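What follows is the residue order along each chain.
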Amino acid sequence: MKSILGLALAIGIAFHAHAQKRAATAGPNIVLIYADDLGYGDISCNGATKIRTPNIDRLASQGVRFTNGHASSATCTPSRYSILTGQYAWRKKGTGIAPGDASLIIDTAVTTLPSLLRKAGYATGAVGKWHLGIGDSKGPDWNGELKPGPLEIGFDYCWIMPATADRVPCVYVENHRVANLDPADPIKVSYTAPIGNEPTGKKNPELLVMHSSQGHNNAIVNGIGRIGFMQGGTAALWKDDSIAAVLTEKAQRFIVDHKTAPFFLYFATHDIHVPRVPGKAFAGKSGMGVRGDAILQLDWTVGRIMHTLDSLHLSDNTIFIFTSDNGPVVDDGYADQARELLGGHTPSGIYRGGKYSNFDAGTRVPLIIRWPGKSRQGVSNALVSQVDLLGSFAALTGQQLQHEDGPDSFDMMAAFTGKDLKGRESVIEHAGMLSIIKGNWKYITPGNGARYDSATAIELGNDPAPQLYDLRKDPGEKNNVAAQYPAVVKELSAQLKALKDAGRSR
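Please read all numbers here as calculations on a predicted model, not as lab measurements.

## Thoughts on the sheet that holds strand E17 (residues 426-430)
Hydrogen bonding along the main chain pairs the strands of a sheet, whether they run parallel or antiparallel. Here 4 strands make up an open sheet; going across it, the order is E17-E18-E19-E22 and the pairing antiparallel. Of all strands in the sheet, those with a lone pairing partner are E17 and strand E22 (467-470), marking the two edges. Strand-to-strand twist across the sheet, computed as the mean angle between neighbouring axes with direction ignored, equals 20°. Across 5 bridges, the pairing between E17 and strand E18 (residues 434-438) is antiparallel. In the sheet register, isoleucine 428 faces E18, and the bridge partner there is isoleucine 436. The strands touched by helix H9 (residues 486-502) within the sheet are E17, E18, strand E19 (441-444) and E22, with E18 carrying the most contacts at an inclination of about 115°.

## Things to note about the pairing of strand E5 (residues 157-161)
With 5 of 5 residues buried, E5 lies mostly within the body of the structure. The side-chain alternation of E5 yields two buried faces, one formed by Tyr157, Trp159 and Met161 and the other by Cys158 and Ile160. Strand direction decides the pairing type here: strand E4 (residues 123-129) and E5, joined by 5 bridges, are parallel. The residue of E5 that forms the bridge with glycine 128 is isoleucine 160. Examined bridge by bridge, E5 and strand E6 (residues 173-174) share 2 bridges and lie antiparallel to one another. Across the sheet, residue isoleucine 160 finds its bridge partner in E6, namely valine 173.

## Some thoughts on the pattern of salt bridges
This structure, assessed with the given rule, holds 23 salt bridges. The residue lysine 129 makes a salt bridge to aspartate 36 at a minimum N-O spacing of 2.6 Å. Taken together, the residues span a long stretch of sequence, with lysine 129 in strand E4 and aspartate 36 in the loop between strand E1 (29-35) and helix H2 (54-61) at a distance of 93 residues. Comparing lysine 129 with aspartate 36 shows no difference in burial state: the two are buried. Two residues, glutamate 425 and lysine 422, come together in a salt bridge whose shortest N-O distance is 3.2 Å. A single salt-bridge network, built from bridges that share partners, covers Asp360, Arg364, Glu429, Lys442 and Glu477.

So, how was this worked out
- Residues numbered from 1 in each chain as written.
- Predicted model: local features only at pLDDT ≥ 70, side-chain atom pairs only at ≥ 80, totals over all residues.
- Heavy atoms only, no water.
- Pairing = 2+ DSSP bridges.
- Helix = DSSP H or I, 4+ residues; strand = E, 2+ residues; numbered from the N terminus.
- Axes fitted to C-alpha atoms, helices over the stretch in contact; angles between N-to-C directions.
- Contact = heavy atoms within 4.5 Å.
- Buried < 20%, exposed > 50% of the residue type's maximum accessible area, 1.4 Å probe, protein only.
- Salt bridge = Lys/Arg side-chain N within 4 Å of Asp/Glu carboxyl O.

By themselves these figures say nothing about function.
Following this line, the structure appears as structure tokens:
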């Protein structure tokens, strides 16, 4: 017996030593925290003074903080599509804001960020907001197998919210099944008509603990009106005030379970999207209402992931990326007093617009990258885009992208690590219209859409005339100089058209 125990102990020690050696010599782990609706000016390292984000600030002090980093679109679904596929979402139909019962919008045959890294030997996990659809052309079967989904595009494991917290069904999905679903209480979902006699926010406002400012008055879950109608699945319903804690714990667990080999964690937080229901530890703590409290909760989430990496001695061998899917929106459908309680806080910083906008605050988002010993510490004004993560990690892992893979994604690792201070030659932004940034110039194509959205109080940046801004002199895009520089307008218009017509950027 002693000899058997001794052999088992020796094998365990040898395995542990091998695992430690493998972790030290293999490619770096990659953690990507993808915040939701967080504006450039919402974090203190980017200039916020009414609220403090010490954990995000600490991450920035240890890596590169980008002042010219961009999501590919000014709304969530297309940005998420682009960051995972390396393709601008406007190139593919059906990549607008997805309904809660959408089919998977990513082709399972294309190379994605997780499939690329899995091919390089990484364990891959997705935690948090998904909003890229699940299921085949018939849509998701909430009571059966939910596929294709994250696992079919390269993730080994997922614990996700199918769409957004303001859309039904309000359940978590683990791999191919709704978590904690009681088969005797099946889920029914409709985005066209009410289901049975279920109360709704529109007909039964007395049941609401949070009222809507626009829409969000269909199914009532946890006293909050949602988009879409839902019945059943009672045991599987999430609790809004524990979403951040649950998602953070699942992200930490993935890291712990894969600490001995390279892993890629895609952690898409719910914060600070609506409905904002911060946990008890954060409720009322910001002095700015629930939106400010949600920012504090998001900062806590970042701190917990940093702590987990530190405690496992993984920080030095981990690329840590923190960014947001699009710019900020204050009132996005719930009467939560977020606008009234801003108290002088400017979510967009010095930039104009916000979520949904062609102006720069729609896509210019917080972006911080830390890779100890590999990235420099400081601030970079390099022009970089989230769409380039695929091309950059392909180069990092020694893989050659095929012609059809990541058509808009370049190897920007030198810029992402702060060694190249120029970055991209140009980048295309996407909101109501397409825009292009090249050097200090930004050109917005003409469009007949609304100039202003009164519901969200956001300038959308649509104009029937061409718009040209000198971002170096005018970062707030206040002075349209298109009439003064017709040659620049012609050049950028032609370049944008060429990139669009080519179907790929290279």
